[in-house]
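For reference, the chains in residue letters:
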Amino acid sequence: MATPVNIIVGSHVWVEDPDEAWIDGQVTKITGKDAQIQTTNGKTVTEKLSKIYPKDLEAPPGGVDDMTKLSYLHEPGVLQNLKTRYELNEIYTYTGNILIAINPFQRLPHIYGSHMMQQYKGAPFGELSPHVFAVADVAYRFLAMINESKSNSILVSGESGAGKTETTKMLMRYLAFLGGRVATEGRTVEQQVLESNPVLEAFGNAKTVRNNNSSRFGKFVEIQFDKHGRISGAAIRTYLLERSRVCQVSDPERNYHCFYLLCAAPAEEVEKYKLGKPQSYHYLNQSRCYELVGVSDSHDYLATRRAMDIVGISEKEQEAIFRVVAAILHLGNIVFAKGKEVDSSVLKDDQAKFHLNTTAELLMCDVKALEDALCKRVMVTPEEVIKRSLDPQSATVSRDGLAKTLYSRLFDWLVDKINNSIGQDPNSNFLIGVLDIYGFESFKANSFEQFCINFTNEKLQQHFNQHVFKMEQEEYTKEKINWSYIEFVDNQDVLDLIEKKPGGIVALLDEAWYNIVL
Ligand SMILES: Nc1ncnc2c1ncn2[C@@H]1O[C@H](COP(=O)(O)OP(=O)(O)OP(=O)(O)O)[C@@H](O)[C@H]1O
């Protein structure tokens, strides 16, 4: 943001406020580099001239639908415009060809109905009110351009709870509307893509502090089109499933939805898997949150089973999936005590034995082999195979490791299964990709997961900078357009700090790990 040079006594300005983020006011005095401001919430504050921004007194009362129309494109100006529009229930605003969406936290069916889809179909970008459908429409029209058809990707980015997944669903619904075909027999590709959402959400989403249905994985959905612009295939790629959540969950969060759904399944199912209430399982009872307001787990269990039918997961496969889910819950309740030998462990009591037996039964493996795998470490050397006993703490670590691996393999298997059943079109030349990856996260205690997530977001920010600023400016130069260089915060230094070889954090971690292994 450039330093305003035209602020004088009497100017209307924005100044930072601890409660409101920004508050407007009028400059009453300027002393050197400082200004005294009388704010509209009755305070008198002194701030550096370089930290206050002029307020546009002629801004339309309802805000502007494209931020590039603002007289001053600074943070308080942008936020004020978004706030004004949000108060009028206008949740979408453009900044050039970028769409900013504000989470309405309420259903707004009137802006997503089929009549709205019909309106946006083929309408020139910017002619109608800003909308997520307009963005999808542009991407689709690029495909339809004769001789110049181009694949396109839409990046949905924002903090946790900002509304990325909901926005992605709207994008997919609209693309299905544009490129869908009438179902002749069985399910269409677009139906299967849309129905894959509830399945993925049941296994990849969880309640977090910020969002009751937070995606704990990133997703890139590729929708393939034939030469007539009809959807001919699709592929879903997933990234970075949060594995640690399977064994570790803190108040007021929950583990992945599927665990609670299964505990709320019809009685005969629950009995079949020898399950009880979520409160009985270590992987769930580390947090006291078991239910979500306005959500029925038993209803969602049946809805997930129906969605699985639609995406082509057979009854037998569904049973196998839930057997693994139940096995993980039982696995987490296998508790160890010290064994007779030094640094060895045994099952703590009959309860632990019951859970070990049930886990083995559900996973269809040998009980003794499972117990050994948990309580012993096997080292294979060129000469021999060495079995070493583990103390209870290490056995617990290997138990949790097994649970995490089982869950993430189950998730990957599900995604593969969905992809196989939706089917890819090998002859498709064009696709629209939608990337819904989880946004920046900053908790009281941040782990390696947050490091990876935030790094990914920095990479996406760099891509955005390249695209929006660097490439745009190259174009201006090429077309000999008179322009003044736009300053932007380049995050290349942050990326170098993390990924540069040698000397970056990741390279150093690799080196440290290599030394330990050696
Ligand atoms: N356009 C919308 N209309 C109505 N409600 C919405 C909309 N967008 C978001 N919401 C509400 O906000 C909640 C959070 O949105 P969503 O799950 O899409 O966030 P997210 O950015 O994907 O979060 P995370 O990164 O944690 O997965 C939704 O469950 C829904 O209740």
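Higher on the page you've got the structure.
Nothing here was measured: the structure is a model prediction, and the numbers come from that model.

Colleague: I'd love a proper account of the side chain of Lys-169, names of residues and values included.
Modeller: Position of Lys-169 among the secondary structure elements: in helix H4 (residues 164-179). Taking relative accessible area as the criterion, Lys-169 reaches 13% and is therefore assigned buried. A distance of 3.1 Å separates a polar atom in the side chain of Lys-169 from a polar atom in the side chain of Glu-201. Contacts of Lys-169, omitting those with residues within four sequence positions, involve Asn-197 and Glu-201.

Colleague: Tell me about the site of the ligand, and please be specific about residues and values.
Modeller: Looking at the ligand, there are 19 residues lining it, with Ser-160, Gly-161, Thr-165, Ser-214 and Ser-215 nearest. Contact between the ligand and Ala-162: an oxygen atom at 3.2 Å from a main-chain N or O atom of the residue. Considering the ligand on its own, with 630 Å² of exposed area, one finds that the protein chains cover 90% of that surface. Contributing elements (two or more residues each) for the shell around the ligand: H4 and strand S10 (214-215). Top contributing element to the shell around the ligand by residue count: H4, with 3 residues. In terms of residue class, the shell around the ligand is made up of 5 nonpolar, 10 polar and 4 charged.

Colleague: Report on the pattern of salt bridges, specifying residues and quantitative values.
Modeller: In the structure shown here, the tally under the stated rule is 28 salt bridges. A salt bridge links Lys-55 to Asp-24; the nearest nitrogen and oxygen atoms lie 2.7 Å apart. With Lys-55 in the loop between strand S5 (53-54) and helix H1 (75-87) and Asp-24 in strand S2 (residues 21-31), the pair connects residues that are 31 residues apart, well separated along the chain. Classification of Lys-55 by relative accessible area gives partly exposed; the value is 25%. The network of salt bridges with common partners includes Arg-216, Glu-242, Arg-245, Glu-253 and Glu-441.

Colleague: So what about the sheet that holds strand S12 (residues 231-239)? Which residues, and what values?
Modeller: Pairing in this open sheet of 4 strands is mixed, and the strands run S8-S17-S11-S12 from one edge to the other. Edge positions in the sheet fall to strand S8 (152-156) and S12, since each has one partner strand and no second. The sheet shows a mean angle of 15° between the axes of neighbouring strands, taken without regard to direction. Taken together, the 5 bridges between S8 and strand S17 (residues 430-436) define a ladder with parallel strand orientation. The residue of S17 that forms the bridge with Asn-152 is Ile-432.

Colleague: Could you give an account of helix H11 (residues 350-363), naming the residues involved and the relevant values?
Modeller: Note: α-helices contain 3.6 residues per turn, so residues at a spacing of three or four share the same orientation. Along its 14 residues, H11 runs 20 Å from first to last C-alpha, staying within 8% of the 20 Å computed at 1.5 Å per residue. Where H11 is concerned, the buried positions are Ala-352, His-355, Leu-356, Thr-358, Thr-359, Ala-360 and Leu-362. As for H11, its buried residues are in contact with helix H10 (315-332), strand S14 (345-347) and helix H12 (367-375). Sitting at the amino-terminal end of H11 is Asp-349, which places a side-chain oxygen 3.3 Å from the backbone nitrogen of Gln-351.

About the cut-offs
Residues numbered from 1 in each chain as written. Predicted model: local features only at pLDDT ≥ 70, side-chain atom pairs only at ≥ 80, totals over all residues. Heavy atoms only, no water. Helix = DSSP H or I, 4+ residues; strand = E, 2+ residues; numbered from the N terminus. Buried < 20%, exposed > 50% of the residue type's maximum accessible area, 1.4 Å probe, protein only. Polar contact = N/O pair within 3.5 Å; in protein donor to acceptor, adjacent residues only side chain to side chain. Contact = heavy atoms within 4.5 Å. Near = heavy atom within 4 Å. Areas by Shrake-Rupley, 256 points an atom, 1.4 Å probe, with all protein chains shown as cover. Nonpolar A, V, L, I, M, F, W, Y, C, P; charged D, E, K, R; others polar. Salt bridge = Lys/Arg side-chain N within 4 Å of Asp/Glu carboxyl O. Pairing = 2+ DSSP bridges. Axes fitted to C-alpha atoms, helices over the stretch in contact; angles between N-to-C directions. Expected span 1.5 Å × (residues − 1).

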